[in-house]
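Inside the fold
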Amino acid sequence: MSILLIAGSPSAPSRSSRLLQYTSDQLVLRGHRTDILQVRDLPAQALLHAQFGNAELKAAQAQVAVADAVIIATPVYKAAYSGLLKAFLDVLPQDGLAGKLVLPLATGGSQSHMLALDYALRPVLSSLSARHVLPSIYATDAQVVWSDDAGLAIDPAILQRLQAGIDNLSASLLALQEVAPSSFEPVHFSQVRCSV
Ligand SMILES: Cc1cc2nc3c(=O)[nH]c(=O)nc-3n(C[C@H](O)[C@H](O)[C@H](O)COP(=O)(O)O)c2cc1C
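Residues numbered from 1 in each chain as written. Predicted model: local features only at pLDDT ≥ 70, side-chain atom pairs only at ≥ 80, totals over all residues. Heavy atoms only, no water.

Turning our eyes to something else, we now look at the overall build of the protein chain. Secondary structure assignment for the protein chain yields 6 helices and 8 strands. The order of α-helices and β-strands along the protein chain, N terminus first, is β-α-β-α-α-β-α-β-α-β-β-β-β-α. Along the three orthogonal principal directions, the C-alpha set of the protein chain runs to about 70 × 40 × 30 Å. Sorting the 196 residues of the protein chain into buried and exposed places 42% on the buried side. Of the contacts made within the protein chain by residues no fewer than 6 positions apart, 79% connect residues no fewer than 24 positions apart. Just so you have it, the protein chain exposes about 10300 Å², and 57% of that area is on carbon and sulfur atoms. The centroid of the 13 positive side-chain charges in the protein chain is displaced by 5 Å from the centroid of its 15 negative side-chain charges. (Helix = DSSP H or I, 4+ residues; strand = E, 2+ residues; numbered from the N terminus. Buried < 20%, exposed > 50% of the residue type's maximum accessible area, 1.4 Å probe, protein only. Contact = heavy atoms within 4.5 Å. Areas by Shrake-Rupley, 256 points an atom, 1.4 Å probe, with all protein chains shown as cover. Lys, Arg positive; Asp, Glu negative; His and termini not counted. Charge placed at Lys NZ, Arg CZ, Asp CG, Glu CD.)

Structure follows, in structure tokens:
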């Protein structure tokens, strides 16, 4: 099943995007198809002016529409998620997350705003009709460290939470896949009744 990972940081390099890339790699190892959408690469004016008809925004909306699950990563900005991410969520259709599983991820400077995803982002995801918002994952800057020599080092406690989140998402997607074909029980021809 296909998973779209949305990177909501205006910065590059970005800790939250690195966490997102790691998550994508893990999902690919589990047999899922993933795509990463960097919101910062979308045309800024179209986003800020909410130009719903802009071709690049429409392409990004289409990426969301076809995904079975969406993982959203954001830095904490002023005790909430980034304005860039909000600008993108604002140009999705009102039911833009209908039928989708959503896993929120965030990095922040300290533990102080670790509930930001739950009090700020979760209501927005619900208003976009997300099918199910999985427990969010929050890491501080000290827990997600990058060096050119060693690459990405994730604190063991966060790594454990992330693996659990990835396993949860992966299992939920597989369960949905199995449920879908059997949602209509086969009816034997002898039981078929026609009324005219
Ligand atoms: C404008 C701005 C506002 C921030 N506000 C907060 C905040 O309110 N709480 C917090 O814990 N960290 C805050 N931070 C720190 C970032 O959330 C943190 O460094 C995060 O990991 C950056 O993620 P990124 O590298 O993906 O952009 C802020 C950083 C910036 C640049």
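This part takes up the site of the ligand. Not every one of the 17 residues close to the ligand is listed here, only the nearest: Ser9, Ser14, Ser16, Val76 and Asp141. Between Ser16 and the ligand, the recorded distance is 2.5 Å, taken from a side-chain N or O atom to an oxygen atom. Here Val76 contributes a backbone N or O atom positioned 2.6 Å from an oxygen atom of the ligand. Against a free-state accessible area of 650 Å², the protein chains account for coverage of 72% of the ligand. Elements that contribute at least two residues to the shell around the ligand include exactly helix 1 (15-29) and strand 4 (101-108). Its residues assigned to classes, the shell around the ligand comprises 5 nonpolar, 9 polar and 3 charged. (Near = heavy atom within 4 Å. Polar contact = N/O pair within 3.5 Å; in protein donor to acceptor, adjacent residues only side chain to side chain. Nonpolar A, V, L, I, M, F, W, Y, C, P; charged D, E, K, R; others polar.)

Tallying each qualifying case throughout the model produces 4 salt bridges. The salt bridge partner of Asp141 is Arg15, with a shortest N-O separation of 4.0 Å. Taken together, the residues span a long stretch of sequence, with Asp141 in the loop between strand 6 (137-140) and strand 7 (144-147) and Arg15 in helix 1 at a distance of 126 residues. Classification of Arg15 as partly exposed rests on a relative accessible area of 37%. Between Arg122 and Asp118 there is a salt bridge, with the nearest N and O atoms lying 3.2 Å from each other. (Salt bridge = Lys/Arg side-chain N within 4 Å of Asp/Glu carboxyl O.)

A separate point is the side chain of Ser170. Residue position: Ser170 is located in helix 6 (residues 156-179). The exposure class of Ser170 is buried, given its relative accessible area of 7%. A distance of 2.7 Å separates a polar atom in the side chain of Ser170 from a polar atom in the side chain of His32. Other than its neighbours up to four places away in sequence, Ser170 contacts Arg30 and His32.

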